[in-house]
Amino acid sequence: MAFDPSYAAPRQAGVFFERRELERLLRLYGRMVAAGEWRDYGMDSLPDAAVFSVFRRTAEAPLYRIEKRPSLAKRQGAWAIVGEGGHILRRGHELDQVLRFFEKGRFKVVD
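Residues numbered from 1 in each chain as written. Predicted model: local features only at pLDDT ≥ 70, side-chain atom pairs only at ≥ 80, totals over all residues. Heavy atoms only, no water.

**Quick word on the overall build of the protein**
Under the convention used in this document: Numbering of helices and strands runs from the N terminus, with a helix taken as a DSSP run of H or I at least four residues long and a strand as a DSSP run of E at least two residues long. Here a residue-residue contact requires only that any non-hydrogen atoms of the pair lie within 4.5 Å. Each accessible area value is a Shrake-Rupley result obtained with a 1.4 Å probe; residue values ignore everything except the protein chains displayed when judging cover.
A tally of regular secondary structure across the protein gives two helices and five strands. Going from the N terminus to the C terminus, the protein shows its helices and strands as α-β-β-β-β-β-α. Of the contacts formed within the protein by residues at least 6 apart in sequence, a portion of 30% connects residues at least 24 apart. For the protein, the accessible surface area stands at approximately 8,000 Å², while carbon and sulfur atoms represent 51% of it.

**Description of the pairing of strand β2 (residues 50-55)**
Our working rule: Buried means the residue's accessible area, taken with a 1.4 Å probe over protein chains only, is under 20% of the maximum for its type, while exposed means over 50%, and partly exposed covers the values in between. A pair of strands is labelled paired if DSSP reports no fewer than 2 bridges between them.
Taking burial as the measure, the six residues of β2 include six buried ones, the bulk of the element. Of the two faces of β2, the one lined by A50, F52 and V54 and the one lined by V51, S53 and F55 are each fully buried. Relative to β2, strand β1 (residues 40-45) runs antiparallel, the two being bridged by six bridges. Bridged to G42 within β2 is S53. Turn length for the β1-β2 hairpin, with the two strands adjacent in sequence and antiparallel, is four residues. Pairing of β2 with strand β3 (residues 64-68), which is carried by five bridges, proceeds in the antiparallel orientation. In the strand pairing of β3, S53 is matched with R65.

**Here's the deal with the environment of R91**
Following the sequence through the fold, R91 ends up in strand β5 (residues 88-92). For R91, a relative accessible area of 26% puts it in the partly exposed group. For R91 and I81, which are ten residues apart along the polypeptide, the C-alpha to C-alpha distance reads 6.5 Å. Setting aside residues up to four positions removed in sequence, R91 forms contacts with L72, Q76, G77, W79, A80, Q97 and V98.

**So, the sheet that holds β3**
Note the following rule: Only the stretch in contact is used when a helix axis is fitted, and all axes are lines through C-alpha atoms; the angle between N-to-C directions ranges over 0 to 180 degrees.
If you trace the five strands from one edge of the open sheet to the other, you get β1-β2-β3-β4-β5, paired in antiparallel fashion. Each edge of the sheet is formed by a strand with only one pairing partner; in this case those strands are β1 and β5. Across the sheet, the mean angle from the axis of one strand to that of its neighbour is 15°, orientation sign disregarded.

**Overview of the layout of surface pockets**
Spelled out, the test is: Only protein atoms enter the 1 Å grid, on which a cavity is a set of points fitting a 1.4 Å probe that cannot get out and a pocket is an open set with protein on both sides within 12 Å along at least 5 of 7 lines, lining residues being those with an atom within 4 Å of a point. Grid points are joined across faces, edges and corners, and a volume is the space filled by probe spheres set on the points.
Approximately 230 Å³ is the volume attributed to the second largest pocket. In this structure, the second largest pocket is lined by E18, R20, E21, R24, R27, W79, H93, E94, L95 and D96. Broken down by secondary-structure element, the contributors of at least two residues to the lining of the second largest pocket are α1 (19-34) and α2 (95-99). The element that contributes the greatest number of residues to the lining of the second largest pocket is α1, accounting for four residues.

**Regarding the side chain of K68**
Mapped onto the elements, K68 comes out in strand β3. Using a relative accessible area of 10% as the deciding quantity, one classes K68 as buried.

As structure tokens, this is what we get:
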């Protein structure tokens, strides 16, 4: 039996967003881009979480991370919004409930 170095073990499937969840996230992203708040996004599929990151500018750290962690679904809720400093800003069991954090009345322009 010969060892084949080109063979790689199959990667374990990570967590990712379902179609409805992704549609909801992209709808929010489009609304915030139209408002001039966000400019770029990124998605990541990790073994224990799916992450949707939004950026004010591409070269910066993410402004917000919307995370789905199914392992926390029964306890704290699978969904969380994490701010720039790594603080959890909102957590819940339903995506729509968590995304209310970004509703129009919440942010106001200060001169």
